[in-house]
Amino acid sequence: NSHGQFHYLLVSNGGNKTYTATFGAARAFPSIILFEYTYSGTASLDGQNTSTGVSNNPTSTNFTTTATDGVAFGGYAENSGVTTSSELVNGAPADGAIRSPGGNFTSMWRELFSAGFTNAATATLTGGPEWVCCGIAFKAEVQGGPPPFTLMPQNYT
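This is a predicted model, so every value here is computed, not measured. (Residues numbered from 1 in each chain as written. Predicted model: local features only at pLDDT ≥ 70, side-chain atom pairs only at ≥ 80, totals over all residues. Heavy atoms only, no water.)

Draft legend 1. Quick peek at the pattern of salt bridges. Scanning the model with the defined rule gives one salt bridge in all. For arginine 110, the salt bridge is made with aspartate 95, and the minimal N-O distance between the two is 3.3 Å. Here the residue arginine 110 occupies a position in strand 8 (residues 107-113), and aspartate 95 occupies one in the loop between strand 6 (92-93) and strand 7 (96-99), the gap between them amounting to 15 residues. Taking the relative accessible area as the measure of exposure, arginine 110 reaches 13% and is therefore buried. A residue is classified by how much of its surface remains accessible, and aspartate 95, at 40% relative accessible area, is partly exposed. (Salt bridge = Lys/Arg side-chain N within 4 Å of Asp/Glu carboxyl O. Helix = DSSP H or I, 4+ residues; strand = E, 2+ residues; numbered from the N terminus. Buried < 20%, exposed > 50% of the residue type's maximum accessible area, 1.4 Å probe, protein only.)

The following block contains the structure:
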């Protein structure tokens, strides 16, 4: 019964935005999590993968990136009352994570990267629940130097 997806908007026209997700009545734990970044250059999709399982170790399974400047995300869709810990992208500890507000246990984490990789987004759970784990990465056309992605402040309503 677990479902997870990433949706993204690579070009925005600025200002306040409203994001709406409509879930079917049969979805027991509907959640939406947003990360917003500004970036220099042109951003594009660089790699993604999704996997499901029943264990303490959700993984997106490996996906490949090619960029020298990018941001990658992992996501966990819940089917139980446990939260993720020890979130990793490409084997490196995530530099930030959000768990959805409102008592749901869905989570999403991020990591800036400065070299292409073939690896997964992973996390740790307790109790061996059913899970879906997604990984996705974006690159910026401006290569070299500091990562061009800058995280914007988060506001939930």
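Draft legend 2. Representation of the nonpolar core. Ranked by internal contacts, the top residues of the largest apolar core, which has 15 residues, are Ala72, Tyr76, Trp109, Phe113 and Phe117. Put simply, the parts of the chain that give this core at least two residues each are strand 4 (70-77), strand 8, strand 10 (121-124) and strand 11 (130-140). Residue contributions to this core peak at three residues, all from strand 11. Within the second largest apolar cluster, nine residues are counted, among which are Tyr37, Val71, Phe73 and Met108. (Core = buried A, V, L, I, M, F, W, Y, C linked by side-chain atoms within 4.5 Å.)

Draft legend 3. Main features of the sheet that holds strand 10. The three strands are arranged 6-5-10 in an open sheet whose pairing can be described as antiparallel. Of all strands in the sheet, those bounded by a partner on one side alone are strand 6 and strand 10. Direction of pairing for strand 5 (residues 85-89) relative to strand 6: antiparallel, over a ladder of two bridges. In the strand pairing of strand 6, valine 89 is matched with alanine 92. (Pairing = 2+ DSSP bridges.)

Draft legend 4. Spotlight on the side chain of glutamate 111. By the secondary structure assignment, glutamate 111 is in strand 8. Despite its burial, glutamate 111 remains without a salt bridge, the nearest opposite charge being carried by arginine 110 at 7.7 Å. Polar contacts involving the side chain of glutamate 111 include one to the main-chain amide nitrogen of aspartate 95, which spans 3.1 Å. (Lys, Arg positive; Asp, Glu negative; His and termini not counted. Polar contact = N/O pair within 3.5 Å; in protein donor to acceptor, adjacent residues only side chain to side chain.)

Draft legend 5. Spotlight on the sheet that holds strand 11. Pairing is antiparallel in the open sheet, where five strands are placed in the order 2-11-4-8-7. In this open sheet, the two strands that pair with only one neighbour each are strand 2 (43-54) and strand 7. When the angles between neighbouring strand axes are averaged without regard to direction, this sheet yields 15°. (Axes fitted to C-alpha atoms, helices over the stretch in contact; angles between N-to-C directions.)

Draft legend 6. Up close: the pairing of strand 4. Burial within strand 4 is extensive, with eight of its eight residues counted as buried. Note that strand 4 and strand 8 share seven bridges and pair antiparallel. When the sheet's bridge partners are listed, valine 71 is paired in strand 8 with leucine 112.

Draft legend 7. Just the pairing of strand 10, in detail. Taking every second residue as pointing to the same face, the buried face of strand 10 carries Ala121 and Ala123, while none of Thr122 and Thr124 on the other face is buried. Bridge count for strand 5 against strand 10 is three bridges, and the pairing is antiparallel. Counted as the bridge partner of serine 85 is threonine 124 from strand 10.

Draft legend 8. Up close: the side chain of serine 60. In this fold, serine 60 is placed in the loop between strand 2 and strand 3 (63-64). On the accessibility criterion, serine 60 (0% relative accessible area) is buried. Discounting residues that sit within four places of it in the chain, serine 60 has contacts with Asn49, Thr50, Ser51, Ala120, Ala121, Cys133, Cys134 and Gly135. (Contact = heavy atoms within 4.5 Å.)

Draft legend 9. Broad picture of a nonpolar patch on the surface. Where nonpolar side chains cluster on the molecular surface, the patch consists of Leu9, Tyr19, Phe23, Ile32 and Leu34 and spans about 470 Å² of accessible area. With respect to the helices, strands and loops of the structure, tyrosine 19 is situated in the segment before strand 1 (37-39). (Patch = residues over 30% accessible without salt bridge, like charges linked within 9 Å, V, L, I, M, F, W, Y side chains within 5 Å. Areas by Shrake-Rupley, 256 points an atom, 1.4 Å probe, with all protein chains shown as cover.)

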